[in-house]
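Overview (structure and organization)
Residue-level listing of the chains:
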Amino acid sequence: MEVNVKAKESTNKEQTRSGADVLIQSLKKQGVDIIFGYPGGAVLPIYDALYKNPIRHVLARHEQGAIHAAEGYARVSGKTGVVIATSGPGATNLVTGIADAMLDSLPLVVFTGQVASSVIGTDAFQEADIIGITQPITKHNYQVKNVEDLPRIVKEAFYIASTGRPGPVLVDIPKDISTQMFLSVTDENEGIHLPGYQPTKNPNYLQIQKAIKVISNSKKPLILGGAGILTAKATRELKEFVERHQIPITNTLLGLGGIDGDHPLFLGMAGMHGTYTANTAICDCDVLINIGARFDDRLTGNLAHFAPNAKVVHIDIDPAEIGKNVPTAVPIVADAKEALRELLDQSFDSPDTVDWLTSLNVNKKEYALRYKADKEKGILPQQAVELIHRLTNGDAVVTTDVGQHQMWTAQYYRFNNPHNWVTSGGLGTMGFGFPAAIGAQLAKPHERVVAVVGDAGFQMTLQELSLLQEFRLPVKVVILNNQSLGMVRQWQQTFYEERYSQSLVHVQPDFVKLAQAYEIQGYKVETMEEAEKVFAEAFSTNEPALIDCRVVQLENVYPMVAPGKGLNEMIGVRGE
Amino acid sequence: MKRIITTTVINQSGVLNRVTGLLMKRQFNIESISVGHTEQPGMSKMTFVVNVEDERKIEQLLKQLQKQIDVIKVNDITDKAMVMRELALVKVATIPAVRSEIYSIVEPFRATVIDMSKSATTFQVTGDPEKIEAFIDLMKPYGIKELTRTGVSAFVRENQKVPTNHVSIL
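- Per an unreviewed UniProt entry, chain B is named Acetolactate synthase small subunit, and its organism is Planococcus halotolerans.
- What the UniProt record of chain B gives under Catalytic activity (unreviewed entry) is the line "2 pyruvate + H(+) = (2S)-2-acetolactate + CO2".
- Check the Function (unreviewed entry) section of the UniProt entry for chain B; it says "Catalyzes the conversion of 2 pyruvate molecules into acetolactate in the first common step of the biosynthetic pathway of the branched-amino acids such as leucine, isoleucine, and valine."

- Looking at an unreviewed UniProt entry, chain A carries the name Acetolactate synthase, with the source organism given as Planococcus halotolerans.
- The Sequence similarities (unreviewed entry) comment attached to chain A in UniProt states, word for word, "Belongs to the TPP enzyme family."
- What the UniProt record of chain A gives under Catalytic activity (unreviewed entry) is the line "2 pyruvate + H(+) = (2S)-2-acetolactate + CO2".

Structure (structure tokens):
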């Protein structure tokens with residue numbers, strides 16, 4: 001009897017749950033501990049359910065800020081970032097962040113409100129076809145048609161976002177679905193059934209054998225480490241493999257941190273603004289072992305000159321990346337960690353790389369990254385990045401936008417630890433770095449987080465300074481202020497005969513006053529002496545700070561592979 | 001080169017859009033596409049003909065299609081023994097003077113008359129695309145008033161040992 005009564009009670013309780021209630025409960029089941037979002041009409045029921053059954057919610061000041069924060073959170077924590085926005089403009093404001101997460105393989109689950117099912121397709125108030133809009137920029141997306149499907153869809157969304165090659169999944173929830181009573185009796189704990197989605201984790205044994213043969217017989221092997229190593233949490237295995245077989249390694253932009261920035265076998269970053277040593281190594285190597293990188297055009301330069309003498313071994317969890325841009329001799333579809341483990345488990349003869357390493361070390365010394373500091377001219381951005389490196393011992397979480405400051409940070413902030421580098425690589429999104437730093441700080445509250453941003457990119461999302469104020473997040477915002485759209489200006493100087501069309505920004509806000517308006521300590525520095533003092537002070541507190549660091553306006557990022565050129569045709573190799 | 005791709009997809013709203021959107025995003029040209037239910041409930045089959053430059057592009061297309069969550073199976077059946085059919089409706093001007101001449105052409109194609117008026121006849125012709133092309137070419141001189149084609153539908157033959165050559169157009 002007692003059992004019966006209990007059963008009845010629980011059914012009654014179940015009957016009082018709305019779709020929105022079920023959504024929040026499903027999020028809790030997924031272990032979601034933070035949501036980045038912005039309420040609005042179509043998500044009122046969801047925010048009401050959140051009010052009654054709270055999960056920590058960070059109210060960004062613009063949906064773009066919310067989603068970049070979620071990306072920063074996902075990048076450093078490895079967990080799935082969760083975003084909620086309303087229909088129409090709320091949803092469309094997320095588009096840049098969704099595309100950014102897609103290209104940089106970040107796990108996000110994005111919930112958007114939608115107008116009620118009965119008026120979808122009638123151009124209702126705040127209606128936008130977000131499913132159609134985001135189809136090409138999501139790993140998958142769903143529109144919830146029946147409230148009973150909600151728990152399953154949420155489960156699938158998290159599974160798809162976080163497994164295989166991670167990416168953003170969008171779930172569009174019409175308002176009536178949120179308010180409807182949830183009457184389903186299906187088991188919410190049922191497993192996931194996705195016959196069309198079965199990512200391969202373990203490498204094929206025969207392919208591993210082939211790879212071993214190719215590597216063993218090589219004289220000039222080179223590893224190209226991408227973000228896949230970080231996603232797979234395979235940095236320990238990578239280090240062991242690199243050291244055991246004495247194979248030099250270079251990183252992609254997003255792969256930085258996969259190996260210690262000061263490791264003797266590390267050649268620096270490769271690509272358009274990579275080191276001379278890394279790029280020429282790619283041109284000279286006889287075996288190129290790509291682990292978790294996708295041969296992006298900013299890495300490869302002109303494909304005709306890319307690794308012309310190399311047999312390519314490509315380990316990637318996404319089979320579509322293998323052979324997409326570069327012909328591959330040994331394709332290995334696998335998780336980077338599993339593949340590296342398999343390679344470590346097999347004992348095989350290390351290639352003899354003594355001569356190869358000797359010549360690379362000569363290059364490393366001869367063609368080290370360099371700049372010409374000049375007290376009279378002011379602070380060079382490279383100096384500022386080195387100063388940050390010194391003050392944080394290379395241990396900080398560093399975020400950037402896209403452009404010159406990003407490249408200088410990639411070149412001069414040598415990361416000691418993985419998962420500390422948060423940058424917009426594939427999409428190259430201005431305005432990404434600062435909100436991403438907020439998400440990163442929320443994910444790692446006890447670590448030093450530095451947002452290195454340009455003066456232009458920062459002004460795209462600076463409204464999120466409110467969050468630093470509100471949560472007293474000790475993020476240090478360093479604006480490398482050259483009063484220009486630096487990379488655009490550099491290209492105009494180099495390829496458009498110094499016609500600086502719309503790239504010099506003479507009017508700016510007073511960033512110190514702006515910081516003060518948000519009750520944040522603001523500083524402005526114009527000389528290295530000031531910088532040394534101010535940075536040290538700002539970095540010593542556990543409070544947010546903003547530093548307007550005035551840098552030499554016409555400084556360029558070197559070395560450089562001009563667009564359309566091969567990696568063997570670098571300019572500015574000696575820093576001018 | 002022309003490739004014939006079949007995909008089995010979960011019959012979900014928007015799945016056709018996903019597949020065609022993907023082809024557009026990756027700059028593939030669809031020559032024809034046909035979709036319909038299969039013997040399995042909830043599953044649909046798409047057959048499409050695409051024009052690609054080289055092997056690498058086709059490999060990339062197959063892999064990208066396979067990545068779609070709603071796509072269960074992808075096959076490039078171009079080089080396999082297969083059955084392939086398309087249906088076309090062709091409305092031809094058939095003035096009495098040439099009517100019997102036209103009929104004598106139509107007969108070997110086993111095309112059927114499905115509508116008729118004083119001056120025009122609508123034929124239904126089925127077969128592989130080459131046969132349909134041939135039929136259309138033969139009808140052209142008489143004046144084609146309207147033409148519509150379903151696109152190719154295909155699957156592989158049960159017996160793959162004997163490769164068939166599509167020599168005959170009939």
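What follows picks up the thread again.
**Some remarks on the overall build of chain B**
- A count of helical and extended segments in chain B gives four helices and nine strands.
- In chain B, the succession of α and β elements from N to C terminus is β-α-β-β-α-β-β-α-β-β-α-β-β.
- The C-alpha extent of chain B, read off along each of the three principal axes, is 55 × 40 × 35 Å.
- Across the 170 residues of chain B, 25% fall into the buried class.
- Nonlocal contacts in chain B, meaning residues at least 24 apart in sequence, comprise 75% of its contacts between residues at least 6 apart.

**Observations regarding the domain arrangement of chain B**
Residues and elements named next belong to chain B.
- On domain assignment, one finds that chain B holds domain 1 (2-76) and domain 2 (85-154).
- Between the C-alpha centres of domain 1 and domain 2 the distance comes to 29 Å.
- Domain 1 puts seven residues into the contact, and the matching count from domain 2 is five residues.
- Mapped onto the side of domain 1 that touches domain 2, the elements with two or more residues apiece are strand 1 (2-10), strand 2 (29-37) and strand 3 (43-51).
- Residue contributions to the side of domain 1 that touches domain 2 peak at three residues, all from strand 2.
- Considered class by class, the residues forming the side of domain 1 that touches domain 2 number three nonpolar, four polar and no charged.

**Considering the sheet that holds strand 14 (residues 421-422) of chain A**
All names here are of chain A.
- The strand order across the open sheet built from six strands is 14-13-15-16-18-17, with neighbouring strands paired in parallel fashion. The open sheet has two free edges, formed respectively by strand 14 and strand 17 (521-525), since each of these has just one partner strand.
- In this structure, strand 16 (residues 476-481) lies alongside strand 18 (residues 545-550), joined through six bridges in parallel fashion. Bridge pairing in strand 18 places Leu480 opposite Cys549.
- With respect to the sheet, helix 17 (residues 381-392) is in contact with strand 15 (449-454), strand 16 and strand 18, its orientation differing from that of strand 16 by roughly 160°.

**Quick notes on unusual backbone geometry**
Residue and element names in this part refer to chain A.
- For the peptide bond that leads from Tyr558 to Pro559, omega is -5°, which places it in the cis range.
- Of note, Pro559 is situated in the loop between strand 18 and strand 19 (560-561).
- A positive phi is found at Gln483, a non-glycine position, where the angle reads about 50°.
- Within the element layout of this structure, Gln483 appears in the loop between strand 16 and helix 22 (486-495).

**Quick look at the environment of A:Ile137**
Residues and elements named next belong to chain A.
- If you trace the backbone, Ile137 turns up in the loop between helix 7 (130-134) and strand 5 (140-143).
- The spacing of Ile137 and Asn309 is 172 residues in sequence and 35 Å in space, taken between C-alpha atoms.
- Ignoring any residue separated from it by four or fewer positions in sequence, one finds Ile137 in contact with Ile98, Ala99 and Met102.

**Concerning helix 15 (residues 336-345) of chain A**
- A:Ala336, A:Lys337, A:Ala339, A:Leu340, A:Glu342 and A:Leu343 are the residues of helix 15 of chain A that are buried.
- Turning to helix 15 of chain A, the residues buried within the fold contact helix 10 (205-216), helix 11 (227-231), helix 12 (235-245), strand 10 (287-291), strand 11 (311-316) and strand 12 (330-333) of chain A.

**Things to note about the pairing of strand 10 of chain A**
Residues and elements named next belong to chain A.
- In terms of burial, strand 10 is a largely internal element, five of the five residues being buried.
- Residue alternation in strand 10 divides its side chains into two sets, Val287, Ile289 and Ile291 and Leu288 and Asn290, and both sets are buried.
- Relative to strand 10, strand 7 (residues 221-225) runs parallel, the two sharing five bridges. When the bridges of strand 10 are listed, Gly225 appears paired with Ile291.
- Where strand 10 and strand 11 come together, five bridges link them in parallel fashion. By the bridge assignment, Ile291 is partnered in strand 11 with Ile315.

**Observations regarding the domain arrangement of chain A**
Residues and elements named next belong to chain A.
- Partitioning chain A into structural domains gives domain 1 (15-179), domain 2 (205-366) and domain 3 (381-558).
- The distance between the C-alpha centroids of domain 2 and domain 3 comes to 30 Å.
- Listed by partner, the interface residues are 13 residues for domain 2 and 16 residues for domain 3.

**A closer look at the interface of chain B and chain A**
- Taken together, the contact pairs 17 residues of chain B with 13 residues of chain A.
- Secondary-structure elements contributing two or more residues to the side of chain B that touches chain A are helix 1 (15-25), helix 2 (55-67) and strand 4 (71-76) of chain B.
- Sort the elements by how many residues they give to the side of chain B that touches chain A and helix 2 of chain B lands first, with six residues.
- Class assignment for the residues of the side of chain B that touches chain A results in four nonpolar, six polar and seven charged.

**Comments concerning the environment of A:Gly439**
- Take A:Gly439: it is sitting in helix 19 (residues 433-443).
- Setting aside anything within four residues of it in sequence, one finds A:Gly439 in contact with A:Phe36, A:Ala69, A:Ala70, A:Glu71, A:Gly72, A:Tyr73 and A:Gly81.

**Side note on the nonpolar core**
- Core analysis: the biggest nonpolar cluster contains 179 residues, and A:Val83, A:Val478 and A:Ile547 have the highest contact counts within it.
- Beyond its immediate sequence surroundings of up to four residues, A:Ile547 is in contact with A:Val477, A:Val478, A:Ile479, A:Tyr523, A:Val525, A:Val534, A:Phe535 and A:Ala538.
- Listed in part, the 15 residues of the second largest apolar core include B:Ile4, B:Val9, B:Phe48 and B:Val152.

**Brief notes about the packing of helix 13 (residues 276-284) of chain A against helix 16 (residues 354-366) of chain A**
All names here are of chain A.
- At a closest axis distance of 9 Å, the pairing of helix 13 and helix 16 adopts a crossing angle of 145°. For the crossing formed where helix 13 meets helix 16, the hand is right-handed. Here helix 13 contributes Tyr276, Thr277, Thr280 and Ala281 to the contact with helix 16, which in turn contributes Leu360, Asn363 and Lys364.
- Looking at the contact of helix 13 with helix 16, its residues break down into three nonpolar, three polar and one charged.

**A short note on the confidence of the model for chain A**
- Per-residue confidence for chain A gives a mean pLDDT of 95; residues scoring 70 or more make up 97%.
- Contacts for the low-pLDDT stretch residues 1-12 of chain A, under 50 throughout, to residues beyond four places or in other chains number zero contacts.

**Describing the UniProt feature "domain: Thiamine pyrophosphate enzyme central" (unreviewed entry) in chain A**
- Per the UniProt entry, the sites bearing "domain: Thiamine pyrophosphate enzyme central" (unreviewed entry) are residues 208-343 of chain A in this numbering.
- Secondary structure within residues 208-343 of chain A divides into 34% helix and 20% strand; the distance between the first and last C-alpha atoms comes to 7 Å.

Parameters at a glance
- Residues numbered from 1 in each chain as written.
- Chains lettered and ligands numbered in written order.
- Predicted model: local features only at pLDDT ≥ 70, side-chain atom pairs only at ≥ 80, totals over all residues.
- UniProt positions renumbered as here; feature names shortened; annotations may be inferred.
- Helix = DSSP H or I, 4+ residues; strand = E, 2+ residues; numbered from the N terminus.
- Buried ≥ 20, exposed ≤ 12 C-beta atoms within 10 Å, placed from the backbone.
- Contact = placed C-beta atoms within 7 Å.
- Domains from an automatic or database assignment.
- Nonpolar A, V, L, I, M, F, W, Y, C, P; charged D, E, K, R; others polar.
- Pairing = 2+ DSSP bridges.
- Axes fitted to C-alpha atoms, helices over the stretch in contact; angles between N-to-C directions.
- Core = buried A, V, L, I, M, F, W, Y, C linked by C-beta atoms within 7 Å.
- Left-handed = near helix turned anticlockwise from the far one by under 90°.
- pLDDT = per-residue confidence, 0-100.

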